[in-house]
Amino acid sequence: MKKQALLAKIHRSLITSHRLLVTGYWLLVTGSLVGCSGTATVFPTPIAVAELPTTAVSAINTPTLAANVPVLPTATLSPVATVATVGETAVFTNRSIGDPYTPELGNLGYDVQAYTIALTLDPADPRVQQAATTLDLVITDPTLTELSLDFVGFTDVAVSSGATPLSFRREDDKLLVELPQPLAAGTPFGLTVRYGGEPTRRQSPYVGFVESLGLTFANGMVYALAEPDGARFWFPANDHPRDKAFYRFELTVPEGLTAVANGTLRETKPTTLPNGRSATTFTWQHDYPMASYLAVIAVGEFERIEATSPQGVPLRHYVAAPVREDFRRVEAVTGEALDWLSGLLGPYPFETFGFVTVDAPQVALETQTLSIVSFESVGARTAVHELVHMWFGDDVSLHSWQEMWRNEGFATYFELLWQMRGESAEALDARIAEMAGAVAQNGAGYPLGNPPPAQLFGFNTYFEGATAVHALRRQLGDEAFFAGLRLYFERYGGGTASDADFQAVMEEVSGQLLDPFFAEWLQ
Ligand code: ARG
Ligand code: ZN
């Protein structure tokens, strides 16, 4: 269905329920403005809004909060001295991975194979006691004399390769490390960055609704949130999804606390902190390609809950006591939804899945194999939304951050399909029409394929994104649509894909030329 036709249809059929929707959003918005801590008290009042996916809360809040939180002017977004302009064309040096939407992120000349992130943390003291991140990389540019990494803040920084100290400097948000000599393409190179101290806190130009990304110390917990540009605030990285790697975490925390991360727990070992206190080192490992923004850690008091999906995928959750009861609703759906998604999209891409709950302002993030959710966000819909991201975002990541509609549009759409499974095609069409109506009324009107940075997680990204997905499904028919999605994961799983790659797969399976469709929806 064409966008214009769809919108016209909504205007005809939903003129009255619009009013309800808008009232609903305003109630919600007003609720959060006057500081209602739980939007849930306001959310269920209007009928139509209550039926929208829960992520609506954060998405709806985005434009609202943008009014309160200072949004950085565009000119100061990316202080990247390394992206020169020659005529009209941006010229990227090795200090950018070449994503025109985020030229400040990522680097070229090498390919990270694995990160080992060793951190000593105490939630009672908002500093990294000590840290050492080791990057095992392979040189890809034989002329490279200086490695560029994304890394912001910290003190006592030292860089070495094996026993050899390496010269380095800090420039803008890069850590520039001198190579002892140029190395042939394909040469493995290991380097360790030691650091400590208080993390830098700075608002991301892409995320108006949290104060800062990176490590947060709050209420007896420590956790990391990084989408899209926050990994560099807690470990040195090639901080862009185009360079995926394996991860190992060695997390040392005071005795009695639990430290979690992506993948599987390999070892728990008693140790002693420099101050003589008893501590435990938790070693976690994830040997599947993972984008830097999907790396997560959390430290706190958690109950470990183990289960398996009906079809045998191992699940493990780390749940804090205050949300133990609420979390039963998540446990009730996770395994079943995981198997249901596997049936539609292809096998679950990783070794395990689960959630960790943290005492944070309302947030949920699809951190690979261990999705992080704040206490307020514990619920079945958010759980399914983050689970969908294991395919859309995690297994196949965005080639450019500009393409966020593919992450959030699909997550929102499949969250809705789960909720409406067993209902008729007409009921789904009606719900999508309702959603499109909400977009027409509340959306910021930016092109889906090119959101302004402050709107990267805006209303349109989620809801116009989901209506675009549905329109594509209706245009291709179910057979081609789902076959196309499965082919997309087969082909691009473990890596990234662009909008053009996605379009090409859908054209291949359907035999349709989709230029007009994507021009209509994305531009
Ligand atoms: N990708 C997240 C979701 O599931 C949104 C994350 C927004 N928050 C952030 N800190 N980047 O909808
Ligand atoms: Zn999402």
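Since we're looking at a predicted model, the values are computed, not measured.

Focus on the site of ligand 1
Phase 1: Every one of the 14 residues lining ligand 1 counts as a neighbour, but Glu-227, Glu-366, Glu-386, Glu-408 and Tyr-462 are closest to it.
Phase 2: A distance of 3.3 Å separates an oxygen atom of ligand 1 from a polar atom in the side chain of His-389.
Phase 3: The separation between an oxygen atom of ligand 1 and a polar side-chain atom of Tyr-462 is 2.7 Å.
Phase 4: When isolated, ligand 1 has an accessible area of 350 Å², and the protein chains bury 98% of it.
Phase 5: Only strand S21 (364-365) and helix H6 (380-389) provide two or more residues apiece to the shell around ligand 1.
Phase 6: When residues in the shell around ligand 1 are grouped by element, the largest group, 3 residues, is from H6.
Phase 7: Across the shell around ligand 1, the residue classes break down as 7 nonpolar, 3 polar and 4 charged.

Remarks on the pairing of strand S8 (residues 168-171)
Phase 1: Across 4 bridges, S8 lies against strand S9 (residues 174-178) in antiparallel orientation. Bridge pairing in S9 links Arg-169 to Leu-176.

Considerations on the coordination of the zinc ion (ligand 2)
Phase 1: Those donors, His-385 (NE2), His-389 (NE2) and Glu-408 (OE), are the protein atoms that reach the zinc ion (ligand 2), and they lie 1.9 to 2.0 Å from it.
Phase 2: Sequence spacing of the donor residues for the zinc ion (ligand 2), all on one chain, is H-x3-H-x18-E. Note that His-385 and His-389 are positioned in helix H6 at a spacing of 4 residues, about one turn of the helix.
Phase 3: Residue class for His-389 comes out buried when judged on its relative accessible area of 0%.

With respect to the sheet that holds strand S10 (residues 188-197)
Backbone-to-backbone hydrogen bonds pair the strands of a sheet. The strands run either parallel or antiparallel.
Phase 1: Strand order in the open sheet formed by 8 strands is S7-S6-S10-S4-S3-S13-S16-S15, and the pairing between neighbours is mixed. The strands lining the two open edges of the sheet, one partner per strand, are strand S7 (164-165) and strand S15 (264-272).
Phase 2: Relative to S10, strand S6 (residues 155-161) runs antiparallel, the two being bridged by 4 bridges. Paired with Thr-155 across the two strands is Gly-196, which belongs to S10.

Concerning the environment of Tyr-318
Phase 1: The topology assignment puts Tyr-318 in strand S19 (residues 314-319).
Phase 2: Through-space distance from the C-alpha of Tyr-318 to that of Val-260 is 8.0 Å; in sequence the pair is 58 residues apart.
Phase 3: Ignoring any residue separated from it by four or fewer positions in sequence, one finds Tyr-318 in contact with Thr-258, Val-260, Leu-265, Trp-284, Phe-302, Glu-303, Arg-304, Phe-355, Val-356 and Thr-357.
Phase 4: Side chain to side chain, Tyr-318 and Arg-304 meet in a polar contact 2.6 Å long.

Quick look at the packing of helix H5 (residues 327-345) against H6
Phase 1: Contact pair H5 / H6: the axes reach a minimum separation of 9 Å and the direction vectors enclose 35°. Once H5 is placed against H6, the crossing between them reads as right-handed. Along the contact surface, H5 presents Arg-329, Val-330, Val-333, Thr-334, Ala-337, Leu-338 and Leu-341, while H6 presents Ala-380, Ala-383, Val-384, Leu-387 and Val-388.
Phase 2: Per-class residue counts for the contact of H5 with H6 are 10 nonpolar, 1 polar and 1 charged.

Quick notes on the confidence of the model for the protein chain
Phase 1: For the protein chain, the mean per-residue pLDDT works out to 86, and 83% of the residues sit at or above 70.
Phase 2: Of the regions scoring below 50 in pLDDT, residues 1-82 engages in 123 contacts with residues more than four places distant in sequence or in other chains.

Quick look at the pattern of salt bridges
A side chain with one charge may pair with a side chain of the opposite charge, provided their charged atoms come close.
Phase 1: Taken as a whole, this structure holds 20 salt bridges when the rule is applied.
Phase 2: Residue Glu-146 is joined to Arg-169 by a salt bridge in which the shortest nitrogen-to-oxygen separation is 2.6 Å. Taken together, the residues Glu-146 in strand S5 (residues 146-150) and Arg-169 in strand S8 connect sequence positions 23 residues apart.
Phase 3: Of the residues examined, Glu-146 reaches a relative accessible area of 17% and is grouped as buried.
Phase 4: Judged by relative accessible area, which is 37%, Arg-169 ranks as partly exposed.
Phase 5: With a closest N to O distance of 3.3 Å, Arg-406 and Glu-403 form a salt bridge. A single burial state applies to Arg-406 and to Glu-403, both of which are buried.

A closer look at unusual backbone geometry
It is generally the case that most residues other than glycine have a negative phi and that most peptide bonds are trans.
Phase 1: Cis rather than trans, the peptide bond between Glu-227 and Pro-228 has omega equal to -5°.
Phase 2: With respect to the helices, strands and loops of the structure, Pro-228 is situated in the loop between strand S12 (221-225) and strand S13 (245-254).
Phase 3: One non-glycine residue with positive phi stands out, namely Phe-154, at about 75°.
Phase 4: Relative to the helices and strands, Phe-154 resides in the loop between S5 and S6.
Phase 5: You can call Phe-154 buried: its relative accessible area is 10%.

Calculation notes
Residues numbered from 1 in each chain as written. Chains lettered and ligands numbered in written order. Predicted model: local features only at pLDDT ≥ 70, side-chain atom pairs only at ≥ 80, totals over all residues. Heavy atoms only, no water. Near = heavy atom within 4 Å. Polar contact = N/O pair within 3.5 Å; in protein donor to acceptor, adjacent residues only side chain to side chain. Areas by Shrake-Rupley, 256 points an atom, 1.4 Å probe, with all protein chains shown as cover. Helix = DSSP H or I, 4+ residues; strand = E, 2+ residues; numbered from the N terminus. Nonpolar A, V, L, I, M, F, W, Y, C, P; charged D, E, K, R; others polar. Pairing = 2+ DSSP bridges. Donors = N, O, S within 2.8 Å, 3.2 Å for Na, K, Ca; no water. Buried < 20%, exposed > 50% of the residue type's maximum accessible area, 1.4 Å probe, protein only. Contact = heavy atoms within 4.5 Å. Axes fitted to C-alpha atoms, helices over the stretch in contact; angles between N-to-C directions. Left-handed = near helix turned anticlockwise from the far one by under 90°. pLDDT = per-residue confidence, 0-100. Salt bridge = Lys/Arg side-chain N within 4 Å of Asp/Glu carboxyl O.

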